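Coordinate inspection notes
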Amino acid sequence: MSTCADQPSLRLPAVMDSLEPLRLFALEGAIEAGLGPDAPPRLELALEEALVNVISYAYPKNAPGGPGDVELHRRVDPDAFTLVLLDWGPAFDPLSEEENEPALEANRMADLDSREPGGLGLFLIRTMSLASYRRNGEANELTLRFELPVST
Amino acid sequence: MEFTSEKSGAFLLLMVKGRMDTITAPEFEAECVKWLETGEIRLVADLSGLEYISSAGLRSILSTAKKCKAKGGDIAFCNLSGIVAEVFSVSGFSTLLPVLETREQALGRS
């Protein structure tokens, strides 16, 4: 499951300007892998939410020397297309928000006056992909898996 | 994102085209606020040309809906498809806000 050197990868500063090149890098791999027609938007969505989370929270604001990096790997397995996202911020598991699930659930049921913005980004990562997280040395490693259509 | 608009009875119909992502989402709210400030407080957003939405888009929509309500108006959505319909559904937005299948239904509300 570890990231290998021979996988295509792209490492960029963790800033909003990096969203588009990373999106195109992921989509290029997804199309090569032959993901079904519904999958690319889901992949884009899970990836955007994960990246925005890293860009917004992984590194201190206005740090001398600029923000840290984010690195995206893509991999094609026989049954799935996989993205692995690395950052070197403090340990944070974006999938461990289960404890916030009741609050999120209440918010999803709220009316317009009481509905709060936010909380949906991490929820959408879990909804749109098969996601897993581990702390890998000094890195946060988020794996987003998308099943490939069964070939006949 | 691109917007085209036309007046239809009590409503201002807004056709939305493109992607509502982290970078572009504020454009939607800005466009709606522009209409609110001219006195158009009942908005209908036709999302048939919207290819993609993320949580930033939902935030922009939620903020817009609250501003419409504060003015005594509202905003309805129609013609959702693909990932846009899916995101509205899983986030609860399709029950939070008026979401109609067709433009005629959205413009036929009281």
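Residues numbered from 1 in each chain as written. Chains lettered and ligands numbered in written order. Predicted model: local features only at pLDDT ≥ 70, side-chain atom pairs only at ≥ 80, totals over all residues.

1. A closer look at the overall build of chain A
- A tally of regular secondary structure across chain A gives four helices and five strands.
- Each helix and strand of chain A, placed in order from N terminus to C terminus, yields the pattern β-α-α-β-β-α-α-β-β.
- The principal-axis extent of the C-alpha atoms belonging to chain A is close to 50 × 45 × 25 Å.
- Residues counted as buried form 30% of the 152 residues belonging to chain A. (Helix = DSSP H or I, 4+ residues; strand = E, 2+ residues; numbered from the N terminus. Buried ≥ 20, exposed ≤ 12 C-beta atoms within 10 Å, placed from the backbone.)

2. What to know about the packing of helix α1 (residues 19-33) of chain A against helix α2 (residues 39-57) of chain A
Residue and element names in this part refer to chain A.
- Packing of α1 against α2 brings their axes to within 10 Å, and their N-to-C directions diverge by 145°. Crossing of α1 against α2: the hand is right-handed. Note on element contacts: α2 touches α1 through Ala39, Pro40, Leu43, Glu44, Leu47, Glu48 and Leu51, opposite Leu19, Leu22, Arg23, Ala26, Leu27 and Ala30.
- Looking at side-chain class alone, the contact of α1 with α2 contains 10 nonpolar, no polar and three charged residues. (Axes fitted to C-alpha atoms, helices over the stretch in contact; angles between N-to-C directions. Left-handed = near helix turned anticlockwise from the far one by under 90°. Contact = placed C-beta atoms within 7 Å. Nonpolar A, V, L, I, M, F, W, Y, C, P; charged D, E, K, R; others polar.)

3. What about the pairing of strand β3 (residues 80-87) of chain A?
Residue and element names in this part refer to chain A.
- Of all eight residues in β3, six are buried; the element is thus mostly enclosed.
- Where strand β2 (residues 69-76) and β3 come together, seven bridges link them in antiparallel fashion. In the sheet register, Arg75 faces β3, and the bridge partner there is Thr82.
- Between β2 and β3, which pair antiparallel and follow one another directly, the connecting turn spans three residues.
- Pairing of β3 with strand β5 (residues 139-147) involves eight bridges; the strand directions are antiparallel. Bridge pairing in β5 links Ala80 to Glu147. (Pairing = 2+ DSSP bridges.)

4. Topic: the sheet that holds strand β1 (residues 2-8) of chain B
Residue and element names in this part refer to chain B.
- The five strands lie next to each other as β1-β2-β3-β4-β5, forming an open sheet whose pairing is mixed. The sheet is open, and its two edges are formed by β1 and β5 (99-100), each paired on a single side.
- Both strand β2 (residues 11-20) and strand β3 (residues 42-53) contribute to a ladder of eight bridges, which runs parallel. Directly across from Leu13, in β3, lies its bridge partner Val44.
- Those strands touched by helix α3 (residues 82-91) are β3 and β5, and its axis lies near 115° from that of β3.

5. Observations regarding the pairing of β3(B)
Residues and elements named next belong to chain B.
- At this point the chain moves from β2, through helix α1 (residues 25-37), to the parallel β3, and the crossover so formed is right-handed.
- As defined by bridge partners, β3 adjoins strand β4 (residues 74-78) across five bridges and the pair is classed as parallel. When the sheet's bridge partners are listed, Asp46 is paired in β4 with Cys78.
- Following the chain from β3 across helix α2 (residues 55-70) to the adjacent parallel β4, one finds a crossover that is right-handed. (Right-handed = clockwise from strand over helix to strand, strands pointing away.)

6. A few points about unusual backbone geometry
- The phi angle at Asn62(A) is positive, at roughly 55°, despite the residue not being glycine.
- At Asn79(B), a residue that is not glycine, the phi angle is positive and equals roughly 60°.
- According to the C-beta neighbour criterion, Asn79(B) is buried, with 21 such atoms within 10 Å.

7. Quick look at the sheet that holds β3(A)
Residues and elements named next belong to chain A.
- With respect to topology, five strands assemble into an open sheet ordered β1-β2-β3-β5-β4, the strand pairing being antiparallel. Each edge of the open sheet carries a strand with a single partner, namely β1 (9-13) and β4 (130-136). Within this sheet the neighbouring strands show an average axis-to-axis angle of 15°, counted without direction.
- Across the sheet, α2 touches β2, β3 and β5, and the angle it forms with β5 is around 170°.

8. Brief notes about the environment of Glu49(A)
- Within the secondary structure layout, Glu49(A) lies in helix α2.
- In the structure, Glu49(A) is positioned 27 residues away from Val76(A) in sequence and 22 Å away in space, judged by C-alpha atoms.
- In contact with Glu49(A), other than residues within four places in its own chain, are Gly121(A), Leu122(A), Leu124(A), Ile125(A), Ser54(B) and Ser55(B).

The values are spatial; any link to function lies outside them.
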